[in-house]
Amino acid sequence: MKLKIAILAGDGIGPEIMKQGVAVLNAVAKKCGHEFEYEEALVGACAIDACGDAYPDTTHDVCMRADAVLFAAVGDLKYDNNPTLKMRPETGLLAMRKKLGLFANIRPVATFDCLLHKSPLKEELLRGADFVVIRELTGGMYFGEKHQDNDMAFDTNIYTRPEIERILKVAFEMAMQRHKHLTVVDKANVLASSRLWRQVAKEMEPQYPEVTTDYMFIDNASMRVLTEPRFFDVIVTENTFGDILTDETSCITGSMGLQPSSSLGEHTPLFEPVHGSWPQAAGQNLANPLAQILSAAMLLEHFGLEREGALIREAVNGSLDANVRTPEIQVEGGQKYGTKEVGQWIVDYINRQ
C-alpha cells in the first residue's frame, strides 16, 4: 500500500518522539512491502515563531493532500506564561481540528500487566480494564463565543443537534464493534447543552437495540473510571469533559506516555499521542515514544493494515516486557533507556520478525 503521511512534529519533545514514530513506520513498510511518503509541516509554537500563525495555510495544504496526519504535540512555556496573548500554540491545534473537520477523538484505554504497579490505583481494580473514550472535538466551549477583559470573561458552550448526532453515531457504532455497552457522560442536571445531548442520545437508542446504553454525570464518571474502570466499554462525551476525562485515564495505564489516539471526521484523519509537549524535557532523550509509536499503529489499522498494526503492538509489548523503558515507567534499578534507545529496540524487533 502507498500512503502519503503529513508529519507535524510540533514543539517540545514532539520532534524527538516523532522521529521514533517515523522510524517504526519505515521498519514496517520495509518488512511488509509498503511505501510511505512523508511531508513535514509546522504547527504550534514553532509555526508562530516562523510565520506568526500556529496553523498556517501551508500546513493545512500539506494535511489536505495527505492520506493521514501523524501529529506529536504543541506547547511552549513562553506562551503558557503569558495569558494575554491572542495567538497560542494550542490555537493551531484547535484550528487544525476545525479546518479538517475532525469531530471525533478516539482514545483507547487499556492496561499493561507489567505496568500495573506504576498506577496509583490498586491492581485488582485495574487488571483487565479496556475501554474507549470518544470525545467530541470541534464544538463546546473551546469553539464557542469568547470574551475577556480586565473584569469579566466568558466561554460559550454551544452544541447543535447535527453535531451531537454525528458523534453519537460514531459511539454507538464503536459499541457495536466492541462489547455493546455505551455510557453517555454529561451534566444534564445543570447544563442545557447536556440535556440536549441526553435527549438526542435517547432518541437514537432504538436504532441500536443491541447496545446497552447508560447515562452518567461527569462528576460520577470521573470517579468511576478510577474506581470501576472495568465497568466501561465505550464512553462518549462533549469536548471539555472529554479533555479532562481522558487525561485522568492516564492513572489507569500508568503513564500518559502510553496513550495513543485518533481524530476522525470530514477530511484527513489525524493520529497523535494524548500527552503534551513537555518543553522542559526537550532535547534530553527522556520522553516516552510509545504513545507516538502506538498512534502510528492506529494509523495503519485505520487503513486496514491490521497485521502491521499488530506487529507494532507486539513490539511495544516486547519492549515493556524486556524492561526497555524510559525513566518514568522503568522498574526500580532497571537499566536506563532514552527516547532513541526505546525506539531503536522496537525497530530492531520489527526487523527480526
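Rules used in this analysis
Residues numbered from 1 in each chain as written. Predicted model: local features only at pLDDT ≥ 70, side-chain atom pairs only at ≥ 80, totals over all residues. Heavy atoms only, no water. Axes fitted to C-alpha atoms, helices over the stretch in contact; angles between N-to-C directions. Helix = DSSP H or I, 4+ residues; strand = E, 2+ residues; numbered from the N terminus. Parallel < 35°, antiparallel > 145°, perpendicular 65-115°, else oblique. Contact = heavy atoms within 4.5 Å. Nonpolar A, V, L, I, M, F, W, Y, C, P; charged D, E, K, R; others polar. Core = buried A, V, L, I, M, F, W, Y, C linked by side-chain atoms within 4.5 Å. Buried < 20%, exposed > 50% of the residue type's maximum accessible area, 1.4 Å probe, protein only. Pairing = 2+ DSSP bridges. Phe/Tyr/Trp six-rings, centres within 6.5 Å; stacked < 30°, edge-to-face > 60°. Left-handed = near helix turned anticlockwise from the far one by under 90°.

(A) A look at the packing of helix α1 (residues 14–32) against helix α14 (residues 339–352). It is at 9 Å that the axes of α1 and α14 come closest, and there the two elements cross at 5°. In terms of axis orientation, α1 runs roughly parallel to α14. Note on element contacts: α14 touches α1 through Thr339, Lys340, Gly343, Gln344, Ile346, Val347, Ile350, Asn351 and Arg352, opposite Glu16, Ile17, Gln20, Ala23, Val24, Ala27, Val28 and Lys31. Of the residues contributing to the contact of α1 with α14, the split by class is eight nonpolar, five polar and four charged.

(B) Structural context of the environment of Ala45. By the element assignment, Ala45 lies in helix α2 (residues 45–51). Taking C-alpha positions, Ala45 is 13 Å from Pro15, a pair spaced 30 residues apart along the chain.

(C) Structural detail: the nonpolar core. Counting residues in each nonpolar core, the largest one holds 46 residues, and the members touching the most others are Leu290, Ile312, Ile346 and Ile350. Every element with two or more residues in this core is listed here: β1 (2–10), α1, β3 (68–73), α12 (290–302), α13 (306–321) and α14. Among the elements that take part in this core, α1 stands out by supplying nine residues, more than any other. Apart from residues no more than four positions distant in its own chain, Ile346 is found in contact with Val24, Leu290, Ile293, Ala315, Val316 and Ser319.

(D) Main features of the sheet that holds strand β8 (residues 181–186). Within the open sheet, the 10 strands sit side by side as β2-β1-β3-β12-β11-β4-β5-β10-β8-β9. Their pairing is mixed. Since the sheet does not close on itself, it has two edges, and those belong to β2 (35–40) and β9 (212–217), each with one partner. Between one strand and the next, the sheet's axes are offset by a mean angle of 25°, whatever the strand orientation. Taken together, the four bridges between β8 and strand β10 (residues 234–237) define a ladder with parallel strand orientation. Along β10, the bridge assignment pairs Leu182 with Val234. Along the sheet, helix α9 (residues 218–227) contacts β8, β9 and β10; its crossing angle with β9, the most-contacted strand, is approximately 105°. Helix α10 (residues 239–248) contacts β4 (104–110), β5 (130–136), β8 and β10 of the sheet and is inclined by roughly 150° relative to β5.

(E) How the structure looks around the packing of aromatic side chains. Under the counting rule described, the total for this entry stands at five aromatic pairs. With centroids separated by 5.8 Å and ring planes inclined at 50°, the aromatic side chains of Phe131 and Phe232 adopt a geometry described as tilted. Taken together, the positions of Phe131 in strand β5 and Phe232 in the loop between α9 and β10 put the pair 101 residues apart, joining distant regions of the chain. Assessed through its relative accessible area of 0%, Phe131 is described here as buried. Between Tyr159 and Trp197, the ring centres sit 5.4 Å apart and the planes meet at 90°, which makes this aromatic pair edge-to-face. One end of the pair, Tyr159, is in the loop between β7 (153–155) and α7 (161–177); the other, Trp197, is in helix α8 (residues 192–204), and 38 residues separate them in sequence. Three or more aromatic residues joined by ring pairs make a cluster, and in this case those are Phe131, Phe231 and Phe232.

(F) Main features of the packing of α12 against α13. At a minimum axis distance of 7 Å, the contact between α12 and α13 shows a crossing angle of 160°. It follows that α12 is roughly antiparallel to α13 by the angle criterion. Handedness of the crossing formed by α12 with α13: left-handed. Here Leu290, Ile293, Leu294, Ala296, Ala297, Met298, Leu300 and Glu301 of α12 lie close against α13, whose contacting residues are Glu306, Glu308, Gly309, Ala310, Ile312, Arg313, Val316, Ser319 and Leu320. Partitioned by chemical class, the residues of the contact of α12 with α13 number 11 nonpolar, two polar and four charged.

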